[in-house]
Amino acid sequence: MPELPEVETTRRGVEPHVEGRLLTAVLVRNPRLRQPVPADLAALLGGRRLLSVSRRAKYLLFAFDHGSLIVHLGMSGSLRVVEAGEPAGVHDHVDLVFGERALRLRDPRRFGMVVWQPGEAAAHPLLARLGPEPLDEAFNGAWLYQVSRGLRAPIKHVLMDGHKVVGVGNIYASESLFRARIHPLEQAGRIGLSRCERLAEAVKETLQAAIAAGGSTLRDFVGGDGQPGYFQQQYFAYGRDGQACRVCGGEISRVVSGQRATYFCPACQRR
């Protein structure tokens, strides 16, 4: 699933092509996504000017003067800038047309979403109860220490809880914990302030490095320009079970926790 770096890469890729431009048409070829695409979307947006393109957690927000279009890429989706007349493929479900260019949502598994929120985007139920952005100052070691007190859940699960901090999925939680030298299954409530500070900084460093590399492409992800990401070439832990640790030379392990694969180095990340 595209995580924060992939969504931010998409935002940066599409923003220069559409921000400030009039949306001239909306083409919905298949409305049957995770939630149905609003039937009146063309009437809502046609002839309106797109004011800004922003991101909240793993959601892209397209702001107009009367509300926001909220887009989620789902498990395998991508949003690309294409020529408006480019023929659509079988998995190309929605086009937002801005004159000669269009934003095209491709989603083979149809787990993505395109929903409309009148007024403030933050009021939508999908966004209203989310935690802080990991790259903002509000997310730091003190915050992580505070929200993890008394929790017996593994620290990796806490990092992936959108009420604690947004946008950190399985890949980047594993990579951040490796950089912080913290075992992913350690109880969150047992991690002291100094290690929480180290982990918060590792989350920021990992996400920033991933964004700089254009995100990760494991299967389907491409950015707004159709290019894959390359951060997977820098992984320390994720998907490297059985391979040598890039730091100590030991063997990377894999366990399943919370129905998700978890990767770590037993030597570098001791419990």
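Up top is the structure.
All values reported here derive from a predicted model rather than from experimental measurement.

### A short note on the overall build of the chain
- Counting secondary structure elements, the chain contains 6 helices and 10 strands.
- Against the globule reference of 18 Å for 271 residues, the chain gives a C-alpha radius of gyration of 20 Å, in line with a compact fold.
- Each principal axis of the C-alpha atoms in the chain carries an extent, and together these give about 55 × 35 × 30 Å.
- A burial count over the chain gives 51% of its 271 residues as buried.
- Sequence-distant contacts, at least 24 apart, represent 65% of the contacts inside the chain between residues at least 6 apart.
- By element, 48% of the accessible surface of the chain is carried by carbon and sulfur atoms, the whole surface being about 12000 Å².
- The averaged location of the 27 negative side-chain charges in the chain is 7 Å from the averaged location of its 35 positive side-chain charges.

### Thoughts on the state of the cysteines
- Following the criterion strictly, the structure yields 0 disulfides and no others.
- Cys245 takes part in no disulfide bond, and the closest cysteine sulfur, belonging to Cys268, lies 3.8 Å away.

### A word on the sheet that holds strand S6 (residues 92-98)
- Taken in spatial order, the 4 strands make up an open sheet running S1-S6-S7-S5, and their pairing is antiparallel. Each edge of the open sheet is held by one strand with a lone partner, namely strand S1 (25-28) and strand S5 (78-83). The sheet shows a mean angle of 20 degrees between the axes of neighbouring strands, direction not considered.
- For S6 and strand S7 (residues 101-106), the ladder comprises 6 bridges, and the chain directions are antiparallel. When the bridges of S7 are listed, Val94 appears paired with Leu105.

Cut-offs applied
Residues numbered from 1 in each chain as written. Predicted model: local features only at pLDDT ≥ 70, side-chain atom pairs only at ≥ 80, totals over all residues. Heavy atoms only, no water. Helix = DSSP H or I, 4+ residues; strand = E, 2+ residues; numbered from the N terminus. Rg over C-alpha atoms; globule rule 2.2 N^0.38 Å. Buried < 20%, exposed > 50% of the residue type's maximum accessible area, 1.4 Å probe, protein only. Contact = heavy atoms within 4.5 Å. Areas by Shrake-Rupley, 256 points an atom, 1.4 Å probe, with all protein chains shown as cover. Lys, Arg positive; Asp, Glu negative; His and termini not counted. Charge placed at Lys NZ, Arg CZ, Asp CG, Glu CD. Disulfide = S-S within 2.5 Å. Pairing = 2+ DSSP bridges. Axes fitted to C-alpha atoms, helices over the stretch in contact; angles between N-to-C directions.

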